[in-house]
Amino acid sequence: MSSANRPPLVVTIDGPAASGKSSTSQMVAAQLGVRHVDSGMIYRLVTAARLRAGGTSESWTEQSVLEEAGRVSVAPGATSFEPLLDGEPCEGEIRGEAVTRTVSLVAQMPRVRAWVNALVRATASVHEIVVDGRDMGTAVFPDARLKVWLVATPEERARRRIVQRTGRQPTSAELAEETRALEARDAKDQPQTQPATDAVWIDTTGITQEEQVRQIVLLARERR
Ligand code: C5P
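Residues numbered from 1 in each chain as written. Predicted model: local features only at pLDDT ≥ 70, side-chain atom pairs only at ≥ 80, totals over all residues. Heavy atoms only, no water.

Chemist: Mind showing me how you'd approach the packing of aromatic side chains here?
Modeler: What describes a pair of aromatic rings is the distance from one ring centre to the other and the angle between the planes of the rings. This structure, assessed with the given rule, holds 1 aromatic pair. Centre to centre, the rings of W149 and W201 are 6.1 Å apart; their planes meet at 55 degrees, and the pair counts as tilted. Here the residue W149 occupies a position in strand 7 (residues 146–151), and W201 occupies one in strand 8 (residues 200–203), the gap between them amounting to 52 residues. For W149, a relative accessible area of 6% corresponds to the buried category. (Phe/Tyr/Trp six-rings, centres within 6.5 Å; stacked < 30°, edge-to-face > 60°. Helix = DSSP H or I, 4+ residues; strand = E, 2+ residues; numbered from the N terminus. Buried < 20%, exposed > 50% of the residue type's maximum accessible area, 1.4 Å probe, protein only.)

Have a look at this one:
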């Protein structure tokens, strides 16, 4: 197929929580000159919309979540998509504790997954993208040009998360608590967190982020 009629480039980067998907995807997208889509951000947005509507999460139904989804949008920026709720930026809200605690519940709802997947596919119909998540290379873009599956040990993921949040290395008690929280979220997200059979596995435990990015960019350039 000539490059003129090839479908737009899609690179998928999947893996468990805090495996470095988002920051790696941003850097890969920047080097390839395409946009980054964070699918977890869209699950977080829908969750934040439902939280604003009130009620305890135990009473949330799929229908009541979908009723709030119309308040959510993503605006294309120079290198990524900005999350908007009721038309306003909401980055702090969607990364907050209340959303992180309830997002896995919302992400288990099949019609919510279908809604998010349709929104992500719509971005790829008009933009070349690097997209990260749990099931981008399986459920959403089974024909992606390149699929990457990022892994790291739970302790290393917990350590990175704390360094990112506090700017210092964790104490052993903090590390143990964060590892437990990550493993609990991994367990809840397990059904939708699967590598594609044709994904390239990269274990990031012992390599720098620059090295991960370099490997993925090389592979993407070969396949572009
Ligand atoms: O990637 P992040 O941790 O921000 O994702 C937030 C949540 O969104 C995950 O814990 C998971 O429940 C859900 N998610 C998902 N499928 C994706 C991306 C995220 O179920 N492709």
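Chemist: Please explain the environment of R134 as it appears in this structure.
Modeler: Topologically, R134 is positioned in the loop between strand 6 (129–133) and helix 7 (136–140). On the basis of relative accessibility, which here comes to 15%, the residue R134 falls in the buried class. Distance from R134 to I13, taken between C-alpha atoms, is 8.1 Å for residues 121 residues apart in sequence. Residues within four places of R134 in sequence aside, it is in contact with D14, G15, P16, A17, K21, W149, R185, D189, Q192, T193 and Q194. (Contact = heavy atoms within 4.5 Å.)

Chemist: I'm lost on the environment of A144 in this one. Help?
Modeler: Mapped onto the elements of the fold, A144 is located in the loop between helix 7 and strand 7. Judged by its relative accessible area of 13%, A144 is buried. Between the C-alpha atoms of A144 and P7, which are 137 residues apart in sequence, the distance is 9.5 Å. Not counting residues within four places of it along the chain, the set of residues in contact with A144 comprises V10 and T12.

Chemist: Sorry, what's going on with the sheet that holds strand 2 (residues 35–38) here?
Modeler: Two strands in a sheet stick together by hydrogen bonds in their backbones, pointing the same way (parallel) or opposite ways (antiparallel). One open sheet holds the 5 strands; their spatial order is 2-6-1-7-8, and the pairing between them is parallel. At either end of the open sheet lies a strand with only one pairing partner, and these are strand 2 and strand 8. With strand direction ignored, the average angle separating the axes of adjacent strands in the sheet is 20 degrees. Sheet topology places strand 7 next to strand 8; 4 bridges connect them, and they run parallel. Counted as the bridge partner of V151 is D203 from strand 8. (Pairing = 2+ DSSP bridges. Axes fitted to C-alpha atoms, helices over the stretch in contact; angles between N-to-C directions.)

By themselves these figures say nothing about function.
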